[in-house]
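One-letter residues, chain by chain:
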Amino acid sequence: MTLATQVNDQQQSITISGLNKSYDHTAKGELHYILKDVNLTIKSGEFFVLLGPSGCGKSTLLNMIAGFVSKTDGQLKVGKSEVEKPGQDRAVVFQQADASLFPWLNVRQNVEFGLKMKKVDKARRNEISSYYIELVGLQGHEQKYPRELSGGMKQRVQLARVLANDSSILLMDEPFGALDAMTRRTMQKELSHIWRQTGKTVIFVTHDISEAVLLGQRIGIMSRGPNSKVTDIYDVPLHYPRDPGQPDFIKLEKTIQAHFDHEYSI
Ligand SMILES: Nc1ncnc2c1ncn2[C@@H]1O[C@H](COP(=O)(O)OP(=O)(O)OP(=O)(O)O)[C@@H](O)[C@H]1O
Ligand SMILES: [Mg+2]
């Protein structure tokens, strides 16, 4: 069972072309680019995984799509519109859960926050939040405040809130990194299931090649920064739900690992 709704809107494609991002200048006074000439088209309803070394600019790119970080130049569109600010259509699971939880709201209130903003009535809010709180394994902790939770628990509150909000685009920045292996497995299965049922567009950042192959339809590899870009894209032609023990799964995992070893060994 899921409470997420089917996405009918086909306007949730993401078009990135010649996109550059610089935060500062080099000693010579030239722009110092974190991202340089990023080109990427993500189809509406696609599950796209971004893989790349630490510090290459994955979070920066995701936050630009979210509308939290402005571009230096180039094109970045969601549907037909250039991204200028955050919107209801895009929900973000941040790498640091602390960045998104309201410290003065308890678990249930945090999960229900977006629903309240959308004026969903109390009974329905309760039904939806209970469902997702249970899904992420936080039942019994509804009344706790963020300061009373561990890092992994905070991350699960964030996930429950994003799923409860039911946006058509999910931007997920290493969302399962802080979770224990069993919870991670459950969340991976559930996210994949929700995505297949609803047709949401998902961009999922991870360091974990096995997680990338388990979830993604395509996997984009980013080069080491500065001047990072999406250099290669792998298709994952495996049926869902996927089995990490299957020979084709292992083969693709090894191919991508070899790519990484080669690209980042210097
Ligand atoms: N607000 C900022 N001002 C200046 N530089 C920044 C800012 N945010 C990020 N950077 C720089 O941009 C680069 C990319 O950072 P980003 O957080 O996007 O990397 P990442 O690929 O997400 O890394 P990780 O895998 O470790 O999370 C880094 O060199 C970082 O220092
Ligand atoms: Mg990051």
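How each quantity is defined
- Residues numbered from 1 in each chain as written.
- Chains lettered and ligands numbered in written order.
- Predicted model: local features only at pLDDT ≥ 70, side-chain atom pairs only at ≥ 80, totals over all residues.
- Heavy atoms only, no water.
- Donors = N, O, S within 2.8 Å, 3.2 Å for Na, K, Ca; no water.
- Helix = DSSP H or I, 4+ residues; strand = E, 2+ residues; numbered from the N terminus.
- Buried < 20%, exposed > 50% of the residue type's maximum accessible area, 1.4 Å probe, protein only.
- Phe/Tyr/Trp six-rings, centres within 6.5 Å; stacked < 30°, edge-to-face > 60°.
- Pairing = 2+ DSSP bridges.
- Axes fitted to C-alpha atoms, helices over the stretch in contact; angles between N-to-C directions.
- Contact = heavy atoms within 4.5 Å.
- Near = heavy atom within 4 Å.
- Polar contact = N/O pair within 3.5 Å; in protein donor to acceptor, adjacent residues only side chain to side chain.
- Areas by Shrake-Rupley, 256 points an atom, 1.4 Å probe, with all protein chains shown as cover.
- Nonpolar A, V, L, I, M, F, W, Y, C, P; charged D, E, K, R; others polar.
- Lys, Arg positive; Asp, Glu negative; His and termini not counted.
- Salt bridge = Lys/Arg side-chain N within 4 Å of Asp/Glu carboxyl O.

Attention shifts here to the coordination of the magnesium ion (ligand 2). Every protein donor of the magnesium ion (ligand 2) is listed here as Ser59 (OG) and Gln95 (OE1), and their distances to the metal cover 2.0 to 2.2 Å. Linking serine 59 in helix H1 (residues 58-66) with glutamine 95 in the loop between strand S6 (90-93) and helix H2 (107-117), this pair joins segments that are 36 residues apart in sequence. On the basis of relative accessibility, which here comes to 35%, the residue glutamine 95 falls in the partly exposed class.

For the structure shown, the criterion picks out 8 aromatic pairs. Their ring planes at 45° and their centres at 5.7 Å tell us that phenylalanine 68 and phenylalanine 94 sit as a pair that is tilted. Highlighted residues: phenylalanine 68 in the loop between H1 and strand S4 (73-78) and phenylalanine 94 in the loop between S6 and H2, separated in sequence by 26 residues. Under the relative-accessibility criterion, phenylalanine 68 is labelled partly exposed at 45%.

On to the sheet that holds S6, then. An order of S6-S7-S8-S3-S9-S10 is seen for the 6 strands of this open sheet, with the pairing classed as mixed. Two strands close off the open sheet at either side, each with one partner strand: S6 and strand S10 (230-235). Averaged over all pairs of adjacent strands, the angle between strand axes in this sheet comes to 15°, irrespective of strand direction. As paired elements, strand S3 (residues 47-51) and strand S9 (residues 218-222) share 4 bridges and run parallel to each other. Across the sheet, residue valine 49 finds its bridge partner in S9, namely isoleucine 219. Sheet strands touched by helix H7 (residues 247-263): S3, S9 and S10. Its angle to S10, the strand with the most contacts, is close to 165°.

Attention now moves to the site of ligand 1. If you check the shell around ligand 1, you find 13 residues, and the closest are Ser54, Gly55, Lys58, Ser59 and Thr60. A distance of 2.8 Å separates an oxygen atom of ligand 1 from a polar side-chain atom of serine 59. At a separation of 2.6 Å, an oxygen atom of ligand 1 approaches a polar side-chain atom of threonine 60. Considered on its own, ligand 1 offers 640 Å² of accessible surface; in the complex 59% of this is hidden by protein. In terms of residue count, the dominant contributor to the shell around ligand 1 is H1 (3 residues). Within the shell around ligand 1, the residues separate by chemical class into 4 nonpolar, 7 polar and 2 charged.

Bringing the side chain of lysine 21 into the picture now. With respect to the element layout, lysine 21 can be found in strand S1 (residues 14-25). There is no salt bridge for the buried lysine 21, and the closest opposite charge comes from aspartate 24, which lies 9.7 Å off by N-O distance. When neighbours within four sequence positions are excluded, lysine 21 is seen to be in contact with His32, Tyr33, Ile34, Leu35, Thr60, Met64, Val69, Ser70, Lys71 and Thr72.

Purely spatial values, then, with no claim about function.
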